[in-house]
Amino acid sequence: MTIEMLYSKLHRATITDANLNYVGSITIDRELMDAAKLRIGQKVDIVNVNNGERFSTYVIEGARGKRDVCLNGAAARRAAVGDRVIIIAYANMSMEEADMFKPHIVLLNESNDIDGTKDHV
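Residues numbered from 1 in each chain as written. Predicted model: local features only at pLDDT ≥ 70, side-chain atom pairs only at ≥ 80, totals over all residues. Heavy atoms only, no water.

Tallying each qualifying case throughout the model produces seven salt bridges. The closest approach of N and O atoms between Arg64 and Asp34, which form a salt bridge, is 2.9 Å. In this pair, Arg64 is assigned in the loop between strand E5 (54-62) and strand E6 (69-72) and Asp34 in helix H1 (residues 30-36), connecting sequence segments 30 residues apart. On the basis of relative accessibility, which here comes to 51%, the residue Arg64 falls in the exposed class. Where Arg78 meets Glu53, a salt bridge forms, and the shortest distance between an N and an O atom there is 3.3 Å. Taken as a pair, Arg78 in the loop between E6 and strand E7 (84-94) and Glu53 in the loop between strand E4 (43-48) and E5 lie far apart in primary sequence, 25 residues in all. What makes Glu53 partly exposed here is its relative accessible area of 30%. One salt-bridge network, in which partners are shared between bridges, spans Asp29, Glu31, Arg67 and Asp113. (Salt bridge = Lys/Arg side-chain N within 4 Å of Asp/Glu carboxyl O. Helix = DSSP H or I, 4+ residues; strand = E, 2+ residues; numbered from the N terminus. Buried < 20%, exposed > 50% of the residue type's maximum accessible area, 1.4 Å probe, protein only.)

Time to look at a nonpolar patch on the surface. A surface patch of nonpolar side chains, about 320 Å² in accessible area, is lined by Met1, Ile3 and Met95. Along the chain, Met1 falls in the segment before strand E1 (2-14). (Patch = residues over 30% accessible without salt bridge, like charges linked within 9 Å, V, L, I, M, F, W, Y side chains within 5 Å. Areas by Shrake-Rupley, 256 points an atom, 1.4 Å probe, with all protein chains shown as cover.)

The next point concerns the pairing of E7. When you tally the buried positions in E7, you get nine out of 11 residues, the bulk of the element. With 10 bridges connecting them, E1 and E7 associate as antiparallel partners. Counted as the bridge partner of Leu6 is Tyr90 from E7. Bridging between E4 and E7 involves four bridges; their strand directions are antiparallel. Directly across from Asn48, in E7, lies its bridge partner Val85. (Pairing = 2+ DSSP bridges.)

Take the pairing of strand E8 (residues 104-108) next. Two elements, E1 and E8, share four bridges in a ladder whose sense is parallel. Residue pairing in the sheet places Leu10 in a bridge with Val106 of E8. Where E8 and strand E9 (residues 114-118) come together, four bridges link them in antiparallel fashion. Paired with Leu108 across the bridge in E9 is Ile114. The loop that links E8 with its antiparallel partner E9 comprises five residues; one of these, Asn112, has a positive phi angle of about 65 degrees.

Read these as layout, nothing more, since geometry by itself doesn't imply function.
This is the structure in C-alpha cells:
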C-alpha cells in the first residue's frame, strides 16, 4: 500500500506574471525549483493565499535567478500579479517511506528570495 504525502512546497511565493495566452502551467525560477526539488512537468497544487483559489497544474522551468513565478493559460485567471501562493507537490510512498520522509519546504519573501527552509510540516 502507498499513501500520498507532502513532497515539497514553495511557501508564499509572489506571482510575478499571469500570461493568459500561453499554454497552461506555472513557470518557476530554476533556482526555486531546485530548492524545492521540483521537476519539469511535475504536477503541483497552487493555493492562492489572497483569494482562496486552489487548483492543479504542472511546472515549467523559468530562468535561474530571475525569481519569476508566472501562471500561464487558464491558471492565469486564478491569481493576479502580486498575489501570494503556496506551490505544493506530493509523492506516493510506502507507509515505511512516509514514516521517515522529510518534505522539502522552502520559505520565500515578497521578492521570491529564499528566506529559509524547513524539513517538517
